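One letter stands for each residue in the lines below.
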There are 2 protein chains.
Amino acid sequence: MSKAYEEKTPVTMQSVAVMAGVSPMTVSNTFRYPERVHAETRRKVLLAAAELGYIPNHAAGNLASGQSRVIGAVIPSIKNSSFYKYVRGMQEAVADLGYELILKLADTQQQEAAAIQTFIGLRVAGITLVGDEHEKDAVELLRKTGVPVVESWVHHAPFDMAVGYSSAEATQAMIALLLEAGCRRIGFVGYGGSVSHRFRERVPAFEASLKARGLRSDLIYLVDEADGFGAGPKALEGLCGMDPALDGLLCPTDIIAAGVLFECSRRGWKVPERLAVAGWGDYEIASEITPRLTTLQPNAEDMGRHAIRMIVERVRGAGEPGHVRNTGFQIVRRDSI
Amino acid sequence: MSKAYEEKTPVTMQSVAVMAGVSPMTVSNTFRYPERVHAETRRKVLLAAAELGYIPNHAAGNLASGQSRVIGAVIPSIKNSSFYKYVRGMQEAVADLGYELILKLADTQQQEAAAIQTFIGLRVAGITLVGDEHEKDAVELLRKTGVPVVESWVHHAPFDMAVGYSSAEATQAMIALLLEAGCRRIGFVGYGGSVSHRFRERVPAFEASLKARGLRSDLIYLVDEADGFGAGPKALEGLCGMDPALDGLLCPTDIIAAGVLFECSRRGWKVPERLAVAGWGDYEIASEITPRLTTLQPNAEDMGRHAIRMIVERVRGAGEPGHVRNTGFQIVRRDSI
DNA sequence: TACAGGAATTGTAGCGCTACAAAATTCAGT
DNA sequence: ACTGAATTTTGTAGCGCTACAATTCCTGTA
């Protein structure tokens, strides 16, 4: 029977130092400032470290130096493939900059607050959040500790820094495209319930765009976030009830747009001739279903990359609080409009 | 202009102790062993801590106690919704047990090895991995440090502990279902390239099941993992080339099965009459498309929960190395078979 | 050969916390 | 009031590492 975890003799910097025949400080320097150590010495130290399987204890280093190379990211859900790209962007950036990224999932504001506490407990170098709606106490805590924080997917008024794009502008752009394609009775599918700001700000943008053209702007139908694809058929039915001649539809995600497409095929409706459908998010499914979905691509990887860069800049003394970076969006024109 | 992060006066246990008028040790006890301190004292300490926004420094605590309340999970990808459920299960279990979960994404073995190093550097209490194929050095390192490790989604021969189900058994069960439904010319879609063991072990199970019944067992088509939905049509075309009377199809994921369903609808084939289609993974899409997909549900949440429990048990002194837990699977019968 | 000046190396002290043991306080039962 | 035990509180030492200053080792030049 093998020994329990704690009973193994831990490999410390000290043991590496002894094996390499140098002082512990030299071992430390070898890892943190390799250029300060003579090449030959460095070789010996690295050899000893490899031999012993030595991994520097971040916890101790962090404590001694007051600095951390770890950035914490709170993600609301991993179901959504935009977040996947966002995380990829962050991973890429931390790798370039010599940092580490750790993730926590949080579906609710309470969970987010708990995740923030964990990260602060770990004394991470910075934190990235999604959205601009957070628990009051959590924000207070972040303020007090002064950790660099980037809010992603939002576009203005951060309590520290933000990176994202404007959902309102994106909505306008999508409506413009629908209008250009000849649609005149455009419907809007939104999320009901207490959904986040970045979804809610689309509604007024939708209304304003249509009113400006003198078109009907009340074809709005709210669905339940949990319904997935199933929300598509429901929304289509609801909206057709309001205006049977509905000819364009703006969906909050590609998933719902796909659901609408399934329903159109069931009804024998041609897309985009009978109904033009706009997605949002550029999920994988958008380019795979028939007809291929015209959608909005939010540059999620860029967002992730910039979120990390902003934190690292701040740690290095640059980067002002209040900094907002607009990573924009792109409309991917395919077959559904 | 606000001060830089490092310049803020940090709130330490000491400052809480002063404010509450007790010794630092009492503050420590209040957080770690609340029952050891008098209720009234506890109240004072908690009040002071809240007032100052004190969050215990995990790094220091970890260093002093040699113990950690953080478990690290390495996830290969978050695109796949089974992993989502797996993570949910883990989150739930850590919350129950008073631990924390942090995630790292790793698509390749190299990235996995790096993630393991990070976790060991953080001196986490345990690590969960996916699959049983890891970089040799990483395994060596895990062995040396003795961290409790659970390999998930696999069923046997762990180097420490494992939790999962047998892909071979699952394949057999699915084939049995197809046969029962009257299929006699069954095709198999697999992943080409260097794909992990848990996918590869399905092939011999497929062949054996069919040979045992004296049926054709060479209708195997390999697709590229990156093709997503698009792999479905390709596989269907390839397999029909081998046997135009193909009447059943076993897909490696629901995504591919969905792609096949799209293609069937394009061809005007009835499912399951013309072709019965089996998915794998019970993704969201499985219950949303028409016809609804019969698929294999791997009890991912259970897997996550058990992975965490096994680690915590080990830390607490129970739980043998070599422990394997079979969380089984379920076939979700819907309309495609 | 001596020595300034840079390169490389090494003690010292302490980061914030906790294990442990010792000390102080409270309490019950005479 | 007094004692022994139980409860609560508190020093002490040290976890593994790094900042910083001090020391030692080199090299080239006078």
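See the structure printed just above.
Keep in mind that what you see is a predicted model, and the values were worked out from it rather than measured. (Residues numbered from 1 in each chain as written. Chains lettered and ligands numbered in written order. Predicted model: local features only at pLDDT ≥ 70, side-chain atom pairs only at ≥ 80, totals over all residues. Heavy atoms only, no water.)

**Examining the protein's contact with DNA strand D**
Convention followed: Near, as used in this document, describes a residue that has one of its heavy atoms within 4 Å of the molecule or strand being considered. Pairs of N or O atoms within 3.5 Å make up the polar contacts considered here, provided that, within protein, one atom can donate a hydrogen while the other can accept it, and that residues adjacent in sequence are counted only when both atoms are side-chain atoms. In this text, helices come from DSSP runs of H or I with a minimum length of four residues, and strands from runs of E with a minimum of two, each type numbered from the N-terminal end.
Taken together, the neighbourhood of DNA strand D is formed by 26 residues, with M13(A), S28(A), R32(A), Y54(A) and T41(B) sitting nearest. A share of 69% is what sugar and phosphate atoms reach among the atoms of DNA strand D within 4 Å of the protein. At a separation of 2.5 Å, a phosphate oxygen of DNA strand D approaches a polar side-chain atom of S28(A). Within the backbone of H38(B), a nitrogen or oxygen atom sits 3.1 Å from a phosphate oxygen of DNA strand D. Within the residue set of the surface near DNA strand D, elements represented by two or more residues are α2 (24-32) and α4 (58-65) of chain A together with α2 (24-32) and α4 (58-65) of chain B. At five residues, α4(A) tops the list of elements feeding residues into the surface near DNA strand D.

**With respect to the protein's contact with DNA strand C**
Condition: Nonpolar residues are Ala, Val, Leu, Ile, Met, Phe, Trp, Tyr, Cys and Pro. Charged residues are Asp, Glu, Lys and Arg, and all others, Gly as well, are polar.
As a matter of local geometry, DNA strand C sits amid 26 residues, with T26(A), T41(A), M13(B), S28(B) and Y54(B) nearest to it. Each atom of DNA strand C within 4 Å of the protein belongs either to a base or to sugar and phosphate, the latter forming 72%. Separating a phosphate oxygen of DNA strand C from a backbone N or O atom of M13(B) is a distance of 2.4 Å. Per-element tally for the surface near DNA strand C: the top contributor is α4(B), with five residues. Along the lines of polarity and charge, the residues of the surface near DNA strand C split into 14 nonpolar, ten polar and two charged.

**Re the side chain of R202(A)**
The condition is simple: What makes two residues a contact is simply this: any of their non-hydrogen atoms within 4.5 Å.
Structurally, R202(A) is set in helix α10 (residues 202-212). Filtering out sequence-adjacent residues up to four positions away, R202(A) remains in contact with S167(A), T171(A), F188(A), P252(A) and W280(A).

**A closer look at the relation of the copies chain A and chain B**
Convention followed: Copy-to-copy alignment: least squares on C-alpha atoms, limited to residues at pLDDT 70 or above in both.
Overlaying chain A with chain B gives an RMSD of 0.1 Å, the required rotation being 180 degrees about an axis along which the chain moves by 0.0 Å. With respect to symmetry, the two chain copies, as superposed, fit the operation of a two-fold axis. When the interface residues of chain A are mapped onto chain B, 100% of them again fall at the interface, so both copies present the same face.

**Let's talk about the packing of helix α5 (residues 81-97) of chain B against helix α13 (residues 300-315) of chain B**
All names here are of chain B. What counts, and what does not: Structural elements are reduced to axes, namely lines fitted to C-alpha atoms, with helices fitted over the stretch in contact, and the angle between N-to-C directions of any two is expressed from 0 to 180 degrees. Geometric relationships in this document are graded by angle, where less than 35 degrees denotes roughly parallel, more than 145 denotes roughly antiparallel, 65 to 115 denotes roughly perpendicular, and other angles denote oblique. Here a crossing is called left-handed whenever its near helix is offset anticlockwise from the far helix by less than a right angle, and right-handed whenever the offset is clockwise.
α13 packs onto α5 with a crossing angle of 40 degrees between their chain directions and a minimal axis gap of 6 Å. What the angle tells us is that α5 and α13 run oblique. Judged by the sense of rotation from one axis to the other, the crossing of α5 with α13 is right-handed. Packed against α5, whose contacting residues are S82, K85, Y86, R88, G89, M90, E92, A93, V94 and L97, the element α13 presents A300, E301, M303, G304, R305, I308, R309 and V312 at the interface. For the contact of α5 with α13, the residue count by class is nine nonpolar, three polar and six charged.

**With respect to α4(A)**
One side-chain oxygen of the residue at the start of α4(A) lies 2.8 Å from the amide nitrogen of A59(A), identifying that residue as N57(A). Phi turns positive one or two residues past the end of α4(A), at G66(A), with a value near 70 degrees.

**Comments concerning the environment of P204(A)**
Within the fold, P204(A) resides in helix α10. Sequence separation of P204(A) and S217(A) is 13 residues, and the distance between their C-alpha atoms is 9.7 Å.

**Some points on the sheet that holds strand β8 (residues 248-250) of chain B**
Residue and element names in this part refer to chain B. Put simply, the test is: Strand pairing is defined by DSSP finding a minimum of two bridges between the two strands.
In spatial order, the strands read β7-β6-β8-β9; together these four strands make up an open sheet with parallel pairing. Looking at the sheet topology across the chains shown, the edges are occupied by β7 (220-223) and β9 (276-278). Between one strand and the next, the sheet's axes are offset by a mean angle of 20 degrees, whatever the strand orientation. Two elements, strand β6 (residues 186-191) and β8, share three bridges in a ladder whose sense is parallel.

**Details of a positive patch on the surface**
Residues and elements named next belong to chain A. We apply this condition: Excluding any residue in a salt bridge, patches collect residues exceeding 30% relative accessible area, merging like charges within 9 Å and nonpolar Val, Leu, Ile, Met, Phe, Trp and Tyr side chains within 5 Å. To be clear on the numbers: accessible area is Shrake-Rupley with a 1.4 Å probe, and residue cover counts the displayed protein chains and nothing else. One speaks of a salt bridge when a side-chain nitrogen belonging to Lys or Arg is within 4 Å of a carboxyl oxygen belonging to Asp or Glu. When charges are counted, neither His nor the chain ends are considered; positive counts come from Lys and Arg and negative counts from Asp and Glu. Here the site of a charge means atom NZ of a Lys, CZ of an Arg, CG of an Asp or CD of a Glu. Here the term buried applies to any residue with accessible area under 20% of the maximum for its type, exposed to any over 50%, and partly exposed to those in between, with areas from a 1.4 Å probe on protein chains only.
A contiguous patch of positive charge, built from R32, R36, R69 and R316, is present on the exposed surface. Position of R69 among the secondary structure elements: in the loop between α4 and β1 (70-75). On the basis of relative accessible area, R69 is assigned to the partly exposed category, the value being 43%.

**Focus on the packing of aromatic side chains**
Worth spelling out the cut-off: Within 6.5 Å between ring centres, the rings of Phe, Tyr and Trp (the latter by its six-membered ring) count as paired, and their orientation is classed by plane angle as stacked under 30 degrees, edge-to-face over 60, tilted in between. For a lysine, the NZ atom is tested; for an arginine, the CZ atom; a charge sits over a ring if that atom is within 6 Å of the ring centre and within 35 degrees of the ring normal.
With the rule as written, the count across this model stands at 16 aromatic pairs over all chains. For the ring pair F188(A) and F206(A), a centre distance of 4.9 Å and an interplane angle of 45 degrees mean the geometry is tilted. Of the two residues, F188(A) sits in strand β6 (residues 186-191) while F206(A) sits in helix α10, which places them 18 residues apart along the sequence. For F188(A), a relative accessible area of 3% corresponds to the buried category. Taking relative accessible area as the criterion, F206(A) reaches 0% and is therefore assigned buried. Consider the rings of Y86(B) and W153(B), whose centres lie 5.9 Å apart with planes at 75 degrees: the pair is edge-to-face. In this pair, Y86(B) sits in helix α5 while W153(B) sits in the loop between β4 (149-152) and β5 (161-164), placing the two residues 67 residues apart along the sequence. You'll find Y86(B) and W153(B) in the same group, each marked buried. Grouping aromatic residues by their ring pairs yields a cluster made of F229(A), F262(A), F229(B) and F262(B). Sitting over the face of the ring of W280(A), R202(A) holds its NZ or CZ atom 3.5 Å from the ring centroid. The lysine or arginine in question, R274(B), covers the ring of W269(B), its NZ or CZ lying 3.9 Å from the ring centre.

**Structural notes on the packing of helix α1 (residues 13-20) of chain B against α2(B)**
Residue and element names in this part refer to chain B. At their nearest, the axes of α1 and α2 sit 8 Å apart, and the two run at 105 degrees to each other. With respect to their mutual orientation, α1 and α2 come out roughly perpendicular. Across from M13, Q14, V16 and A17 in α1, the residues of α2 making contact are P24, V27 and S28. Its residues placed into classes, the contact of α1 with α2 shows five nonpolar, two polar and no charged.

**Quick word on helix α12 (residues 254-267) of chain A**
All names here are of chain A. Our working definition: Helix span, as expected, comes to 1.5 Å for every residue beyond the first.
The first and last C-alpha atoms of α12 sit 20 Å apart over 14 residues, in line with the 20 Å expected at 1.5 Å per residue. Within α12, eleven of the 14 residues are buried, which leaves the element mostly enclosed by the surrounding structure. Residues of α12 that are buried: D254, I255, I256, A257, A258, G259, V260, L261, F262, E263 and C264. The first or second residue beyond α12 is G268, which carries a positive phi of 75 degrees.

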